[in-house]
Amino acid sequence: MAESDTCQNDFLGDRSLGIWNLSDPESWWSSPSLGLILGYNQAEYQSIWPNWRNFIDMHDAQGLGSAIERYRSNMDLPMVCFVHASGRNGQVLCIKFEGTLLDEFSSRFTMLVSLTDVTSERLAATRKDEDEAVLRYILKSNLIYIAKTDLNGNYIFVNDSFATTLGQSPQDLVGTPASRGVADQDLESAVNAFDRCIKTPGSEQVVVLKSNAAINHSPYLEWTFVGLQNHAGDVYEVLCLGRDLTAYQQAQENLSQTQQILQQTSQMARVGGWEFDPLNQTLFWSKVTRQIYERDEFEEITSEIASSHFFSKAEEEKIQQAIKKSQSDGQPWDVEAQIVTQNGTKKWIRSFGQATMRGQICTRIFGTVQDISDRKLAEQQLLTTSELLEQTGKMAKVGGWQWLVDNQELHWSQVTRQIHELPEGYVPGLAEGINFYESSEARARVAQVVQDAITLGKSWDFEEQIRTYAGRLKWVRSKGQSVFEQGQCVRLFGTFQDIDDRKQAEALIDQARIQAETANRAKSEFLANMSHEIRTPLNGVIGFTELLIKTRLDRSQKQYMDMIYTSANSLLDIINDVLDFAKIEAGKLFLAEEKTNLALLAQQCIAIISSQAQNKNIDLLLDLATDLPEYISIDGIRLRQVLTNLLGNAVKFTSRGSIKLAIVVKQIKKDSARLEFSVTYTGIGIELRNQKQIFDAFEQADLTTSKKFGGTGLGLSISNSILALMGSRMQLHSEFGVGSRFYFEIDLDVIHQDASPLIIPEIFRSSVLISDDEHLELNTMITQAGVPVELVRSGDLGPDISLLPQADFILIDNQMFEKVLSHSQKNKVMGYVGHLPVLLICDAVHTNPAIDFSNTPINTTVTKPIRRQHLQTALDELHIAFINHDKNISLPESQQLFSILVIEDNEINKLLIRKLIEMLRSDVVVSVASDGREGLELYRQKHVDLILMDIQMPNLNGYQCSSAIRQMEEEGNRVPIVALTASAQQGELERCQAAGMDDYLSKPIRKSEFEQILWKWLR
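Residues numbered from 1 in each chain as written. Predicted model: local features only at pLDDT ≥ 70, side-chain atom pairs only at ≥ 80, totals over all residues. Heavy atoms only, no water.

Enquirer: An account of the overall build of the protein chain is needed here, citing residue identities and associated values.
Expert: From N to C terminus, the protein chain includes 31 helices and 37 strands. Taken across its 1019 residues, the protein chain has 42% of its residues classed as buried. Long-range pairs, those at least 24 residues apart, make up 57% of the contacts in the protein chain between residues at least 6 apart in sequence. As presented, the protein chain carries roughly 55300 Å² of accessible surface, and 51% of it is formed by carbon and sulfur atoms. (Helix = DSSP H or I, 4+ residues; strand = E, 2+ residues; numbered from the N terminus. Buried < 20%, exposed > 50% of the residue type's maximum accessible area, 1.4 Å probe, protein only. Contact = heavy atoms within 4.5 Å. Areas by Shrake-Rupley, 256 points an atom, 1.4 Å probe, with all protein chains shown as cover.)

Enquirer: Pulling in residues and values, what's your account of the sheet that holds strand β10 (residues 235–244)?
Expert: Hydrogen bonds between backbone atoms are what pair the strands of a sheet, whose relative direction is either parallel or antiparallel. The strand order β7-β6-β10-β9-β8 describes an open sheet built from five strands, whose pairing is antiparallel. Among the strands making up the open sheet, the edge pair consists of β7 (155–158) and β8 (204–210). Neighbour-to-neighbour, the strand axes of the sheet open up by a mean angle of 25°, direction not taken into account. Here seven bridges tie β8 to strand β9 (residues 220–229), and the two strands are oriented antiparallel to one another. When the bridges of β9 are listed, Glu204 appears paired with Val226. Relative to the sheet, helix α8 (residues 187–199) contacts β6 (144–149), β8, β9 and β10, its axis offset from that of β8 by approximately 165°. (Pairing = 2+ DSSP bridges. Axes fitted to C-alpha atoms, helices over the stretch in contact; angles between N-to-C directions.)

Enquirer: Now, about the pattern of salt bridges: what can you tell me, with residues and values included?
Expert: According to the stated counting rule, one finds 38 salt bridges in the structure shown. In this structure, Arg513 and Asp510 form a salt bridge, with 3.8 Å as the shortest nitrogen-oxygen distance. Note that Arg513 and Asp510 are positioned in helix α17 (residues 500–549) at a spacing of three residues, about one turn of the helix. On the basis of relative accessibility, which here comes to 35%, the residue Asp510 falls in the partly exposed class. Beyond isolated ion pairs, a larger network of salt bridges with shared partners links Glu336, Arg375, Lys376 and Glu379. (Salt bridge = Lys/Arg side-chain N within 4 Å of Asp/Glu carboxyl O.)

Enquirer: Describe the pairing of β9, and please don't skip the residues or the numbers.
Expert: When you tally the buried positions in β9, you get seven out of 10 residues, the bulk of the element. Bridging between β9 and β10 involves nine bridges; their strand directions are antiparallel. Residue Leu228 lies in a different strand from β10, and its bridge partner there is Glu237. The turn joining β9 and β10, which pair antiparallel and follow one another in sequence, is formed by five residues; a positive phi near 85° is taken by Gly233.

Enquirer: Outline the packing of aromatic side chains, supporting the account with residue identities and numerical values.
Expert: One pair of aromatic rings is described through two measures. These are the centre distance and the angle between the planes. The full count for this structure, using the stated rule, is 12 aromatic pairs. With a centroid separation of 5.7 Å and 20° between ring planes, the pair formed by Trp401 and Trp460 is classed as stacked. Here Trp401 is found in strand β16 (residues 398–404), whereas its partner Trp460 is found in strand β18 (residues 460–467), with 59 residues between them in sequence. Each member of the pair, Trp401 as well as Trp460, carries the same accessibility label: buried. Each ring, one from Trp412 and one from Phe436, has its centre 6.0 Å from the other, and the planes form 50°; the classification is tilted. Of this pair, Trp412 sits in strand β17 (residues 409–412) while Phe436 sits in the loop between α15 (430–435) and α16 (440–456); the two residues are 24 residues apart in sequence, bridging distant segments of the chain. (Phe/Tyr/Trp six-rings, centres within 6.5 Å; stacked < 30°, edge-to-face > 60°.)

Enquirer: Explain the sheet that holds strand β31 (residues 838–842) residue by residue, including any values.
Expert: Reading across the sheet, the five strands line up as β29-β28-β30-β31-β32 and stay open at both edges, with parallel pairing between neighbours. In this open sheet, the two strands that pair with only one neighbour each are β29 (789–792) and β32 (859–863). On average, each strand axis in the sheet is inclined to that of its neighbour by 25°, with strand direction left out of account. Relative to the sheet, helix α23 (residues 776–784) contacts β28 (767–770), β29, β30 (809–813) and β31, its axis offset from that of β29 by approximately 150°. Contacts between helix α25 (residues 823–833) and the sheet are confined to β28, β30 and β31, with β30 contributing the most and set at about 160° to the helix.

Enquirer: Give a detailed account of the side chain of Ser740, specifying residues and quantitative values.
Expert: Within the secondary structure, Ser740 sits in strand β27 (residues 739–751). Since its relative accessible area comes to 3%, Ser740 is described here as buried. In terms of polar contacts, Ser740 uses its side chain to reach the side chain of Ser734, at 2.7 Å. Beyond its immediate sequence surroundings of up to four residues, Ser740 is in contact with Val679, Thr680, Tyr681, Gly685, Ile686, Leu732, His733 and Ser734. (Polar contact = N/O pair within 3.5 Å; in protein donor to acceptor, adjacent residues only side chain to side chain.)

Enquirer: Before we move on, could you go through the UniProt feature "modified residue: 4-aspartylphosphate" (unreviewed entry) in the protein chain and cite the residues and values that matter?
Expert: Mapped onto this numbering, the UniProt entry gives "modified residue: 4-aspartylphosphate" (unreviewed entry) at Asp950. By the secondary structure assignment, Asp950 is in strand β35 (residues 946–950). Among all residues touching Asp950, those that are not within four sequence positions of it are Ile903, Glu904, Asp905, Gly958, Leu980 and Lys1003. (UniProt positions renumbered as here; feature names shortened; annotations may be inferred.)

Enquirer: Got a sec to walk through unusual backbone geometry? Specific residues and values, please.
Expert: One non-glycine residue, Gln408, adopts positive backbone phi at about 60°. Here Gln408 falls in the partly exposed class, since its relative accessible area comes to 47%. A positive phi angle, close to 60°, is found at Asn955, a residue other than glycine. Inspection of the secondary structure puts Asn955 in the loop between β35 and α29 (958–968).

Enquirer: So what's going on with the environment of Ser120? Residues and values would help.
Expert: For Ser120, the location among the structural elements is in helix α5 (residues 119–140). A residue is classified by how much of its surface remains accessible, and Ser120, at 55% relative accessible area, is exposed. When the C-alpha positions of Ser120 and Leu93 are compared, they lie 8.9 Å apart, and in sequence the two are 27 residues distant.

Enquirer: So what's going on with helix α19 (residues 598–615)? Which residues, and what values?
Expert: Helix length check: α19, at 18 residues, gives a terminal C-alpha distance of 27 Å against a target of 26 Å (1.5 Å per residue), a fit within 8%. A bend of about 45° at Ile609 is the largest found in α19. Here α19 has its buried residues at Leu598, Ala599, Leu600, Leu601, Ala602, Gln603, Cys605, Ile606, Ile609 and Ala613. Where α19 begins, the capping side chain belongs to Asn597, and its oxygen is found 3.3 Å from the backbone nitrogen of Ala599. (Expected span 1.5 Å × (residues − 1). Bend = angle between axes of the 7 residues up to and from the residue.)

Enquirer: Could you give an account of the side chain of Lys910, with specific residues and numbers?
Expert: Relative to the helices and strands, Lys910 resides in helix α27 (residues 907–920). Here the side chain of Lys910 touches Glu907 through a polar contact of 2.7 Å, side chain to side chain.

Enquirer: Residue-level account of the packing of helix α20 (residues 636–652) against helix α22 (residues 715–725), with values.
Expert: In the contact formed by α20 and α22, the axes pass within 10 Å of each other and the chain directions differ by 150°. It follows from the interaxial angle that α20 and α22 lie roughly antiparallel. Once α20 is placed against α22, the crossing between them reads as left-handed. Contacts between α20 and α22 involve Arg638, Gln641, Val642, Asn645, Leu646 and Asn649 from the first element and Gly715, Leu716, Ile718, Ser719, Ile722 and Leu723 from the second. Residue composition of the contact of α20 with α22, by class: six nonpolar, five polar and one charged. (Parallel < 35°, antiparallel > 145°, perpendicular 65-115°, else oblique. Left-handed = near helix turned anticlockwise from the far one by under 90°. Nonpolar A, V, L, I, M, F, W, Y, C, P; charged D, E, K, R; others polar.)

Enquirer: Can you explain the environment of Gly272? Please cite residues and give values.
Expert: Along the polypeptide, Gly272 turns up in strand β11 (residues 271–277). Classification of Gly272 by relative accessible area gives buried; the value is 4%. For the pair Gly272 and Lys287, spaced 15 residues apart in the sequence, the C-alpha separation amounts to 7.1 Å. In contact with Gly272, other than residues within four places in its own chain, are Ser286, Val288, Thr289, Ile292, Gly367, Thr368 and Val369.

Enquirer: Before we move on, could you go through the confidence of the model for the protein chain and cite the residues and values that matter?
Expert: Per-chain confidence: the protein chain averages 80 in pLDDT, with 84% of residues scoring 70 or above. Below a pLDDT of 50 lies the segment residues 697–710, which in the model reaches 29 contacts outside its immediate sequence neighbourhood of four places, other chains included. In the model, residues 887–894 has pLDDT below 50 throughout and makes nine contacts with residues more than four positions away in sequence or in other chains. (pLDDT = per-residue confidence, 0-100.)

Enquirer: Before we move on, can you summarise the nonpolar core with the specific residues and values?
Expert: Note on soluble globular proteins: their nonpolar side chains tend to be buried together. Ranked by internal contacts, the top residues of the largest apolar core, which has 48 residues, are Leu639, Ile659, Leu661, Leu675, Phe677, Phe744 and Ile746. If we ignore the near neighbours within four places in the chain, the residues touching Phe744 are Leu639, Val642, Leu643, Leu646, Leu675, Glu676, Phe677, Leu723, Ser728, Arg729 and Met730. (Core = buried A, V, L, I, M, F, W, Y, C linked by side-chain atoms within 4.5 Å.)

Enquirer: Explain the pairing of strand β33 (residues 898–903) to me, using residue names and the numbers behind them.
Expert: Of all six residues making up β33, six are buried, and the element is well covered by its neighbours. With six bridges connecting them, β33 and strand β34 (residues 924–929) associate as parallel partners. Across the sheet, residue Phe898 finds its bridge partner in β34, namely Val924. At this point the chain moves from β33, through α27, to the parallel β34, and the crossover so formed is right-handed. Across four bridges, β33 lies against β35 in parallel orientation. Directly across from Ile900, in β35, lies its bridge partner Leu946. (Right-handed = clockwise from strand over helix to strand, strands pointing away.)

Structure below.
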């Protein structure tokens, strides 16, 4: 057997073979080649092989035993097992163990074993398995997107995670263009990268693309395109590897925004950063730091440059000492210093920094620098203000005080102590402070306000008298308020002011005010008395002159009376101007707004100057806007005064041509309107150099104006003052030798009122309209009032006027009469009219009557556009004229005589009033009393329909008499009382109304105004 073993050894020696007796597993033979595999030479291998178990992994040895047992139980298959053996150099080798049975029936149970080193193959297989696992992970990963496309860009493979981001399955995406998933703005970049990948095999093309998938929550993807090559080196497919950059992009955007915010914040706060490297001697300044020092953004900054900016050597040493201290104790510094910028600007900075130490070596010094110039300036201003307040407090005698609730401590400033004249060292408490007040009422009041401040948080401000520590009586002003924390009052504070000098001055002012008011009342009474004393005789002069003119006079007498009447009215105008100017100078000119019919006011203004204009053959034009509100709220008397003044000046300074009063609506709303009033005339005009001065008091265009045209030069000044009270001002456009236009605008409140029906007197039951124009609006108003209107055209005026219809009053078109009718037709019309009442219809251009009314005294005019109120007034005037013209006219059965009580102390005025009443009304009985007491007695005795009440009378004046009458009269039997006053004072109407009077008539009494009053209250 030994010889046989030797032969086997020679035969198998070069092979990694072995013979193993399975009956004795520890005894087996292996060829020397196994030792070479394990790294041993033959000698080493022969010595160590008996201990073969030491070479094999313990777990592999157990596995080898298990493999042998399986083989013995089933020998149809060869035995295969892998074991790990340790080599000589410590490496681990993988040995493939294969065996087959040599002698099945031998008791030795011998197996032929083949041992093969399969370390490389097993390692390759393991790596392959690992690679496949990694590939499976990558393909299923949500972090990496994988796709392959053909050379046309169509998908041939898409992994699950990428397909999910596109909202489709991988199978649905295969064959579709990859470009569909790319946003439009990035499509060009994607195509360029794809083309480069194909044209340059082996290169990687990286591009960031935005996805346009609707459900894609990761819009930013980084793609790497790689061209896959065949054996010939040509690209046949493109591998696309993607990763989600959305979070990265968002982080970059957030970082950018944060950096931008930090930069803006640092710029707003003017805080810059800096860093110094002591080892390399390099200094870094941030952008804001450079801005603070006013250095160029790209300039190299050195420590020498930084040191050169300190305002002084002391400032530099202050910073250097702070740095050295930080180097020694490791603590940061916070220092304020002054610098001078590169442009020479002085600034305050706050330097904050810290040194970084490594042992004893300083490796870094860094920090911030802040521009605190504004804060320093504010601190300096605050300090200056505090000093100024302290000094001002001393000058104004205003001190401060504070009382702390918790410890009951009262603190007074130095000025407060001086006000109380406290001795040095004396510290009063709250009770002592209250006891300085002189009266017990004042002390109780102070105690109460302190308590209210503590419990309710109320502040106080009052003035009282104190008695100082030195015993002097003094007026003071005390102010205080409370401070609360967490719902509890913690302190009171306030000011204390010495107002003794002010109180003494106020006493002197009160005394002076009383004296001024007394003088003012005396002045007002003087104006009232002057107005009364002047107007009373003028009332007689003008009134009787007006009556006398109506009597039969020869031509010379008529001329003299006209001169007297004109002179008296001129004197009245001058007196009115002087009194108004005196009121303006005394600040006593006020407005009394009331409901005013604007169109009626304008017609009244035209009527006032119509006679003067007619005498000079000047056309008067009235131009009223069609959308003009009927009623406005304004002082109608003062507005009429302004317009009449302008119209009077127009007549005065116009020798030929026309004068136009126009009212235009500039802006209108529901309850307000802006109106423009203008007076335009073709007069002499005003030179430019004189246009400004004419609005000054007592000034006219030149010195010859007053001599030639008369006047005081007060009219425009007074008008402008009135307009100023109305919130307006007079304006002028004038061309010398051509004419002038005075105008102004006023904002007014509109008063809405339903139109009342037209009332036609009972004696006018039929009418005839002589006109070629039907005047539909006028015709409609009269017809609706129950009076028929028959139209007579110019062609109807034939030879026989007896054929014309009969009527109670006639309406004649003034323009047609003047321009259409022939001379004979005009005579026929006048013959037809006879003594019938005539209502002449004039337009704005032709306001002067074309008819000679010398034989037809019963007449009046109405101006187009005709308004209901104007027509009512015209019919009332016509009615009065008709009644007064024929005293013997039979009154309607329903009408009775009226009783008027005149209470007047002036004999001339009594006679004038009686004569006016007799002239104007035939249906009136007059009773006269000489003073208020006599008038009161007559009122008790007689039935009265109207009382005309003078104001200034002996015994009982007009106010007292009216009040007594109102107390005596029974309810429902109120008698109208009309004041007859010569007073020109503002508020006279209000005083009359307060006394119980109903209306107001100013002296001198005008016949037309008096006539309207009678008709108004006796209808």
